[in-house]
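Chain residues, written in single-letter form:
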Amino acid sequence: MSLRVGIDLGGTKIEIVALDGDGGELLRRRVATPRDDYPGTLAAVAGLVEEVERELGRRASVGVGMPGAESPATGLVKNANSTWLIGRPLRQDLQARLKREIRLANDANCFALSEAKDGAGKGAEVVFGVILGTGVGGGLVVHGKVLAGVNGIAGEWGHNRLPGDEADWPACYCGRRGCVETFLSGPGLRRDHHRVTGADLEPAAIAQLAAAGDGAGEATLARYEIRLARALAQVINILDPDVIVLGGGLSNLDRLYENVPRHWHRDIFSDAVATRLVRHRHGDSSGVRGAAWLWP
Ligand SMILES: [Zn+2]
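Calculation criteria
- Residues numbered from 1 in each chain as written.
- Predicted model: local features only at pLDDT ≥ 70, side-chain atom pairs only at ≥ 80, totals over all residues.
- Heavy atoms only, no water.
- Buried < 20%, exposed > 50% of the residue type's maximum accessible area, 1.4 Å probe, protein only.
- Helix = DSSP H or I, 4+ residues; strand = E, 2+ residues; numbered from the N terminus.
- Pairing = 2+ DSSP bridges.
- Donors = N, O, S within 2.8 Å, 3.2 Å for Na, K, Ca; no water.
- Tetrahedral: all angles 85-135°; square planar, octahedral: opposite > 155°, others 65-115°.
- Salt bridge = Lys/Arg side-chain N within 4 Å of Asp/Glu carboxyl O.

## Describing the pairing of strand β9 (residues 136-142)
Residues in a regular strand project their side chains so that they alternate between the two faces of the sheet. Burial runs high along β9: six of the seven residues are buried. Two strands pair when backbone bridges link them, and strand β8 (residues 126-132) and β9 are joined in this way by seven bridges, in the antiparallel orientation. Of the residues in β9, the one forming a bridge with phenylalanine 128 is leucine 140. The turn joining β8 and β9, which pair antiparallel and follow one another in sequence, is formed by three residues.

## So, the coordination of the zinc ion
In the first shell of the zinc ion, the protein supplies His159 (ND1), Cys172 (SG), Cys174 (SG) and Cys179 (SG), at 2.0 to 2.3 Å from the metal. What the four donor atoms of the zinc ion show is an angle range of 107 to 116° at the metal, which sorts the shape as tetrahedral. By relative accessible area, cysteine 172 is classed as buried at 10%.

## Describing the pattern of salt bridges
Scanning the entire structure with this criterion turns up 23 salt bridges. Notably, a salt bridge pairs arginine 289 with glutamate 25, separated by 3.2 Å at the nearest N-O pair. Here the residue arginine 289 occupies a position in helix α9 (residues 286-292), and glutamate 25 occupies one in strand β3 (residues 25-32), the gap between them amounting to 264 residues. What makes arginine 289 buried here is its relative accessible area of 5%. With its nearest N and O atoms 2.8 Å apart, the salt bridge here joins arginine 91 to glutamate 70. Here the residue arginine 91 occupies a position in helix α2 (residues 90-98), and glutamate 70 occupies one in strand β5 (residues 69-70), the gap between them amounting to 21 residues. According to the relative accessible area criterion, glutamate 70 is partly exposed, its value standing at 23%. Connected through salt bridges with shared partners, the residues Asp8, Lys13, Glu15, Glu25, Arg28, Arg30, Asp118 and Arg289 form a single ionic network.

Right, here's the structure in full:
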């Protein structure tokens, strides 16, 4: 019987899940990430895999999801916010250590894959998965497989410039200005509310204000929804996905699923739009589950 293991290699924790052939969870475990310690990170990942295999008495396929990507040009990690992984041959080193082929993917791609396999996008041909959290990530799954792209950046929509006119274009850590992420991440929503009202509030507090009928809170969320609609319309015009699945903290805003599709029509080149905007099913578990699904 096939055993799939997925690893979510995050900046603060490393999580492992073992799935049976149908996606049922056999086991799940997590350890703290040895920050700024590359050999320690390798040892922690390998140790988790070995422990799980010993316990379940079977050899597993191993997929790893992480914030960042492997450069197809060099085989080295790039674009990772866990900076001690950047420039390292992570996949090769894990392969040598675990004596098998390892698949490595961006965590947003893993999110999209998990939701496409047995989550909110199940059965759809083309799924765009979006994480609206501390940052904004995106991943593409076409016919059940991650579309990585020749540069390893397919779906990296968070660093496109937000379409439309804005009063200011905030600087992004990537070196550009006005990236989608600077408006649509949690910190982006907070910054926008602060810019207009002078009040520095967490996104959840802004949502509470809006729900209670506060005009400024309502206006901030309305701006957010219009920007999200504009940004997603560009994706729809290019990719024309069946389903867009939202994850990350801001995906818990119920109103997005109704309001954003009302706005996106005006920017989409189609008489009718059948694309569905839906909330994730597996939530925080999607990263680790999607990593396991990197193997068929
Ligand atoms: Zn950027």
